[in-house]
Amino acid sequence: MARLRQYVSNVSGPARDRLYVWFEPDLLPGYAWSFPLPDGRVNFGFGVERDEVRKIQDMKGIWPDLFHRPHIRDALGPDATPEARHLAWPIPGRIDRAVLSHGRVLFVGDAVCAGDPLTGEGIGQALLTGKLAAAAIATGGLDRPEAIRGAYRARIEHYFFADQRMSLWLMKALRHEWGARGSVRVAGLTDWTRRNFGRWLFEDEPRGVILTPKRWHRNFLSRPGAFR
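Predicted model, so just to flag it, every value in this text is computed and none were measured.

Asks: Quick rundown of the overall build of the chain? Include the residues and the values.
Replies: Within the chain one finds six helices and eight strands. From first element to last, N terminus to C terminus, the chain shows the α and β order β-β-β-β-α-α-β-β-β-β-α-α-α-α. Taking the principal axes of the C-alpha coordinates as reference, the chain spans close to 65 × 40 × 35 Å. Here the chain, with 228 residues, has 42% of them falling under the buried criterion. Contacts in the chain between residues at least 24 apart in sequence constitute 61% of all its contacts with a sequence separation of at least 6. Averaging the coordinates of the 34 positive side-chain charges in the chain and doing the same for the 25 negative ones gives two points 5 Å apart.

This is the structure in structure tokens:
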């Protein structure tokens, strides 16, 4: 996935106080977002899948049109003004195909392509790979590099591969407008689905936890999570 982000000031619409996620048909399986900051500012941007058709250089042309779409302007308000310049960057999300180590070095974060290919989230993944690397070193012992590399790979597979498969599967569905609309309807069916969708979106539980019973715990479908 590739992302473009810019800060916006003078926000007077509902986006001043509310988080917005837009599933625009021409961005699927990507999305656009706006989340509020202090003093009437927001972080506004979008992410798109990089493929043979859409390159990161194309994002510059999407930006002006997206910012001025009526429903987005309604959310931001008529006086919303972009600040400074926009920034674009690629997010590596292929940990299942990445080189995890070399010699006595364990790669973490972007170096091991740990970003989520669906959402572009990478901070939580970077922190987790760092913890897994430290645990592998503590378990394997500094004088046993092969054991450390093996322990690290096993931990990466356990914590990341099912989530990677889940994200890639969802991306296939979200490439189509009907898939995005259907997913939003399912997520909003009941208070329970809305609560757990929020917990999943904010990664209170791993993306692919439902596919990995070894990671289930007593309260994984009942805890309130960070988002209420």
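Asks: Outline the packing of helix 3 (residues 123-140) against helix 4 (residues 145-174), listing residues and values.
Replies: Contact pair helix 3 / helix 4: the axes reach a minimum separation of 8 Å and the direction vectors enclose 145 degrees. Remark: the crossing between helix 3 and helix 4 carries right-handed chirality. Judged by residue contacts, Gln125, Leu128, Thr129, Leu132, Ala133, Ala135, Ala136, Ile137, Thr139 and Gly140 of helix 3 engage Ala147, Ile148, Ala151, Tyr152, Arg155, Ile156, Tyr159 and Phe160 from helix 4. Looking at the contact of helix 3 with helix 4, its residues break down into 13 nonpolar, four polar and one charged.

Asks: Help me get a handle on helix 1 (residues 59-67), residues and values and all.
Replies: Burial in helix 1 covers these residues: Met59, Ile62, Trp63, Leu66 and Phe67. Take helix 1 and look down its axis: the buried residues cluster within an arc of 110 degrees, on one side only. Summarising the geometry of helix 1, the exposed residues directed more than 90 degrees from the buried face are Lys60 and Gly61. For helix 1, the secondary structure elements touched by its buried residues are strand 1 (2-9), strand 3 (31-37), strand 4 (41-48), helix 2 (70-76) and strand 5 (81-82).

Asks: For the nonpolar core, give the residues involved together with the corresponding values.
Replies: Counting 22 residues, the largest nonpolar core has Val8, Trp22, Leu27, Phe44, Phe46, Leu66 and Leu76 as the members making the most contacts within it. At the level of elements, strand 1, strand 2 (20-22), strand 4, helix 1 and helix 2 are the ones that each hand at least two residues to this core. Setting aside residues up to four positions removed in sequence, Leu66 forms contacts with Glu24, Leu27, Ala32, Phe44, Phe46 and Ile72. Ile95, Ala136, Tyr152 and Phe161 belong to the second largest nonpolar core, which has 16 residues in total.

Asks: How would you sum up the pattern of salt bridges? Please name residues and give values.
Replies: The final tally for this structure, using the stated rule, is eight salt bridges. We note a salt bridge from Glu49 to Arg175, for which the minimum N-O separation is 2.7 Å. Of the two residues, Glu49 sits in the loop between strand 4 and helix 1 while Arg175 sits in the loop between helix 4 and helix 5 (177-187), which places them 126 residues apart along the sequence. Linked through salt bridges whose partners overlap, the residues forming this network are Glu24, Asp26, Asp65 and Arg69.

Asks: Go over the packing of aromatic side chains with me, naming the residues and quoting the values.
Replies: A complete count under the given rule lists six aromatic pairs for this structure. Taking 5.2 Å as the distance between ring centres and 55 degrees as the angle between the ring planes, the aromatic pair formed by Phe44 and Trp63 counts as tilted. With Phe44 in strand 4 and Trp63 in helix 1, this residue pair connects regions lying 19 residues apart in the sequence. Taken as a pair, Phe44 and Trp63 share a single burial class, namely buried. Judged by centre distance (5.7 Å) and plane angle (70 degrees), the ring pair of Phe44 and Phe67 falls under edge-to-face. In this pair, Phe44 sits in strand 4 while Phe67 sits in helix 1, placing the two residues 23 residues apart along the sequence. Overall, Phe44 belongs to the buried group, its relative accessible area being 0%.

Definitions and cut-offs
- Residues numbered from 1 in each chain as written.
- Predicted model: local features only at pLDDT ≥ 70, side-chain atom pairs only at ≥ 80, totals over all residues.
- Heavy atoms only, no water.
- Helix = DSSP H or I, 4+ residues; strand = E, 2+ residues; numbered from the N terminus.
- Buried < 20%, exposed > 50% of the residue type's maximum accessible area, 1.4 Å probe, protein only.
- Contact = heavy atoms within 4.5 Å.
- Lys, Arg positive; Asp, Glu negative; His and termini not counted.
- Charge placed at Lys NZ, Arg CZ, Asp CG, Glu CD.
- Axes fitted to C-alpha atoms, helices over the stretch in contact; angles between N-to-C directions.
- Left-handed = near helix turned anticlockwise from the far one by under 90°.
- Nonpolar A, V, L, I, M, F, W, Y, C, P; charged D, E, K, R; others polar.
- Arc of directions from axis to C-beta.
- Core = buried A, V, L, I, M, F, W, Y, C linked by side-chain atoms within 4.5 Å.
- Salt bridge = Lys/Arg side-chain N within 4 Å of Asp/Glu carboxyl O.
- Phe/Tyr/Trp six-rings, centres within 6.5 Å; stacked < 30°, edge-to-face > 60°.

All we've got here are geometric facts, nothing functional implied.
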